[in-house]
Amino acid sequence: MRKFDTKVQHLKYKVLREVAREAWADRLPETVLDIPKAIIPGKVPTMRCCVYKERAIVADRVKIAMGGNKQNPNVIEVIDIACDECPMGGYEVTGACRGCLAHRCEDVCKFGAITFDQNHVAHIDKTKCKECGACSKVCPYSAIHNYKRPCETACKVKAISMGEDKQACINNDKCISCGACVYACPFGAINDKSYILNVIDMLKGSHGNKNYKIYAIVAPSIASQFSYAKLGQVITGLRELGFHTVVEAALGADMVACSETRELAEKGFLTSSCCPAFVSYIDKNFPDLKQFVSHNLSPMAAISKYIKEHESNCKTVFIGPCTAKKMEAQKEEIKPYVDAVLTFEELQALFDSREIEITSLEESVLDNASYFGRIFARSGGLSDAVAEGIKEQNLEFVLKPCVCDGIEQCKIALLQKKNGRLDANFIEGMACVGGCIGGAGCLTHGEKNKAEVDKYGKEAFEKTITDAVALLK
């Protein structure tokens, strides 16, 4: 029974599961000596050069599972000691160099970084190289290759660089907390902070004299996750954990689609506000375009706000695929509504920490939202919902959407808007390729996830956005 895409995800999950088990039993580790035995490396190293290094890395993994470095505002953290196996990177001459006489690489280099040995084989002086790539472009044998770390390649906002000790360094001023580097790192050296302990404290407190209700707000992309079980069993599992009610974040998406449609028709141009990483990207790279960001809260915040305003003494926990949601929940304007954020990876760890085998549970019904609210989970879904909103509200507005699938496409659209060349009046921005179904906190990633979300949408009882929102009144 395969629950995760990679072994790195499984390693991360094991740490989360054991930390959660200790938390339920009120015996959280205070020192390295207290780390749960189930994840302590044995006497023989299995992944690193020595067992001492393995233990030090596990200790850091435990710290991140318990909330990470409180001094670092970012939810994405690097485990320095685990980040030393990647090559330094940059342009290097490979064995494909034939020692030709043309020496085009030398001629094109403006910095004198290329020299040749007695066999005419090229060599690059790293102290002079400016990483311009000119030599690579002119080599007739494609013998000069640019070696980049997986995290650097995955980070499309160029927030990752190499430190003095070869470890990855994250520039918080550029980072949008999308988690692409977390999923890409083959050594699991970059992780997102977990707030699983906060959720366990809430669940334990709800059964005590505090007696509050905890609402689980599940992202529509859940339909593509936990593929080894049925969605209804996952919902029952959440109640087994102690959640009072499970609500679809897709209902919040219906609310957003309804009001965002009116805002778009009124203003004439908008960019979406649903993806916190996309909003952060605009804030950090296109401040002049912030005026066009929709004033609507994200679906997570919108439905959580509604619950808090209509239910006294309650808490809300968002469960989804997104690491950037953890950053969004820390915003002052969102804090009153969202008490914690969990990823699907963390939910799996929670189930197993309580020995809840969801495949053995009966199915519960989850039916709060419309088809259009549910398809927010994949790229293009928001634009489809806005088009439906215009139709349902009989608005005289011609929608010309620009659907951006991934942060690179977002950058192109925003540059076009900035330069007055964008032939669209609505930018749907999704930082992750595929949309939310491509989020770093997903158990599985892949094209089939889109089909699962569309199928889930078609199963919605409420067929229109208007009908779904009407249930809130």
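Criteria and thresholds
- Residues numbered from 1 in each chain as written.
- Predicted model: local features only at pLDDT ≥ 70, side-chain atom pairs only at ≥ 80, totals over all residues.
- Heavy atoms only, no water.
- Helix = DSSP H or I, 4+ residues; strand = E, 2+ residues; numbered from the N terminus.
- Rg over C-alpha atoms; globule rule 2.2 N^0.38 Å.
- Buried < 20%, exposed > 50% of the residue type's maximum accessible area, 1.4 Å probe, protein only.
- Contact = heavy atoms within 4.5 Å.
- Areas by Shrake-Rupley, 256 points an atom, 1.4 Å probe, with all protein chains shown as cover.
- Lys, Arg positive; Asp, Glu negative; His and termini not counted.
- Charge placed at Lys NZ, Arg CZ, Asp CG, Glu CD.
- Pairing = 2+ DSSP bridges.
- Axes fitted to C-alpha atoms, helices over the stretch in contact; angles between N-to-C directions.
- 1 Å grid on protein atoms, 1.4 Å probe; cavity = no way out; pocket = protein on both sides within 12 Å on 5 of 7 lines; lining within 4 Å.
- Points joined across faces, edges and corners; volume = space filled by probe spheres on them.
- Nonpolar A, V, L, I, M, F, W, Y, C, P; charged D, E, K, R; others polar.
- Salt bridge = Lys/Arg side-chain N within 4 Å of Asp/Glu carboxyl O.
- Right-handed = clockwise from strand over helix to strand, strands pointing away.
- Core = buried A, V, L, I, M, F, W, Y, C linked by side-chain atoms within 4.5 Å.
- Patch = residues over 30% accessible without salt bridge, like charges linked within 9 Å, V, L, I, M, F, W, Y side chains within 5 Å.

With that settled, the discussion passes to the overall build of the chain. The helix and strand tally for the chain stands at 18 helices and 15 strands. Taking 23 Å as the expected radius of gyration for a compact globule of 473 residues, we find that the chain reaches 24 Å, a close match to that expectation. Taking all 473 residues of the chain together, 54% fall into the buried category. Pairs at least 24 residues apart make up 75% of the contacts formed inside the chain by residues separated by at least 6 positions. Counting only carbon and sulfur atoms, one obtains 51% of the accessible surface of the chain, whose full area is about 22,100 Å². Each charge sign in the chain was given a centre, from 61 positive and 60 negative side chains, and these centres are 3 Å apart.

Moving on to the sheet that holds strand E12 (residues 314–320). Taken together, the four strands give an open sheet; going across it, the order is E10-E9-E12-E13, and neighbouring strands pair in parallel fashion. Whereas interior strands pair on both sides, the edge strands pair on one side only; in this sheet they are strand E10 (245–248) and strand E13 (340–343). Here the average twist between neighbouring strands, direction ignored, is 25°. The pairing of strand E9 (residues 213–218) with E10 spans four bridges and is parallel. Each residue of the ladder has a partner; that of Val 218, found in E10, is Glu 248. Along the sheet, helix H11 (residues 299–310) contacts E9, E10, E12 and E13; its crossing angle with E12, the most-contacted strand, is approximately 160°.

Gaps left between atoms show up when a probe the size of a water molecule is rolled over them. Counted by the stated rule, this structure contains seven cavities of 30 Å³ or more. Along its surface, the largest cavity is lined by 26 residues, and Cys 274, Cys 275, Cys 322, Lys 325 and Cys 436 are the ones closest to its centre. Sorting the residues of the lining of the largest cavity by element identifies helix H9 (249–267), helix H10 (276–285), H11 and helix H12 (324–328) as the ones contributing at least two each. Looking at the lining of the largest cavity element by element, the count peaks at three residues for H9. Here the lining of the largest cavity is built from residues that sort into 22 nonpolar, three polar and one charged. Estimated volume of the second largest cavity: approximately 120 Å³.

By the definition in use, this model includes 27 salt bridges. Salt-bridge contacts for Lys 305 lead to Glu 309; the nearest nitrogen and oxygen are separated by 2.6 Å. Here Glu 309 and Lys 305 lie together in helix H11, a separation of four residues that amounts to about one turn. Judged by its relative accessible area of 25%, Lys 305 is partly exposed. As a salt-bridge pair, Arg 378 and Asp 454 come within 3.0 Å of each other at their nearest N and O atoms. Within this pair, whereas Arg 378 is found in the loop between helix H14 (371–374) and helix H15 (381–392), its partner Asp 454 is found in helix H17 (residues 448–458), the two being separated by 76 residues in sequence.

Moving on, we get to the pairing of strand E15 (residues 426–430). Taken across its five residues, E15 has five buried, putting it largely inside the fold. Covered by surrounding structure in E15 are Phe 426, Glu 428 and Met 430 together with Ile 427 and Gly 429, the residues of both alternating faces. With two bridges connecting them, strand E11 (residues 270–271) and E15 associate as parallel partners. Counted as the bridge partner of Thr 271 is Ile 427 from E15. Inspection of the sheet shows strand E14 (residues 401–405) paired to E15 by five bridges, in the parallel sense. What sits directly across from Cys 402, in E15, is Ile 427. This β-α-β element, E14 to helix H16 (residues 407–418) to E15, shows right-handed connectivity.

Right, let's get into helix H8 (residues 231–241). Burial of H8 is extensive: eight of the 11 residues sit out of reach of the surface. Of all the residues in H8, the buried ones are Gly 232, Gln 233, Val 234, Ile 235, Thr 236, Gly 237, Leu 238 and Leu 241. In this structure, the buried side of H8 is in contact with helix H1 (7–24), helix H7 (196–206), E9, E10, E12 and helix H13 (344–353). Trailing H8 by a residue or two, Gly 242 shows a phi angle of about 125°, which is positive.

Soluble globular proteins tend to bury their nonpolar side chains together. By size, the foremost hydrophobic cluster in this structure holds 71 residues, and its most contacted members are Phe 226, Leu 238, Phe 243 and Ile 319. The element that contributes the greatest number of residues to this core is H1, accounting for seven residues. One finds Cys 155, Ala 324, Cys 402 and Ala 424 within the second-largest nonpolar core, a separate group that totals 45 residues.

Next up on the list: a positive patch on the surface. A cluster of basic side chains, namely Lys 148, Lys 156, Lys 158, Lys 174 and Lys 411, defines a positive patch on the protein surface. Within the secondary structure layout, Lys 148 lies in the loop between strand E5 (144–147) and helix H5 (150–154).

What follows covers the environment of Glu 428. Positionally, Glu 428 belongs in strand E15. Judged by relative accessible area, which is 0%, Glu 428 ranks as buried. C-alpha of Glu 428 to C-alpha of Gly 381: the two residues are 47 residues apart in sequence and 9.0 Å apart in space. Excluding residues within four positions of it along the chain, Glu 428 makes contact with Ser 272, Arg 378, Ser 379, Gly 380, Gly 381, Leu 382, Ser 383, Cys 402, Val 403 and Cys 404.

Looking at where Lys 7 falls in the secondary structure, it is placed in helix H1. With 179 residues separating them in the primary sequence, Lys 7 and Pro 186 have C-alpha atoms 9.1 Å apart.

Purely spatial values, then, with no claim about function.
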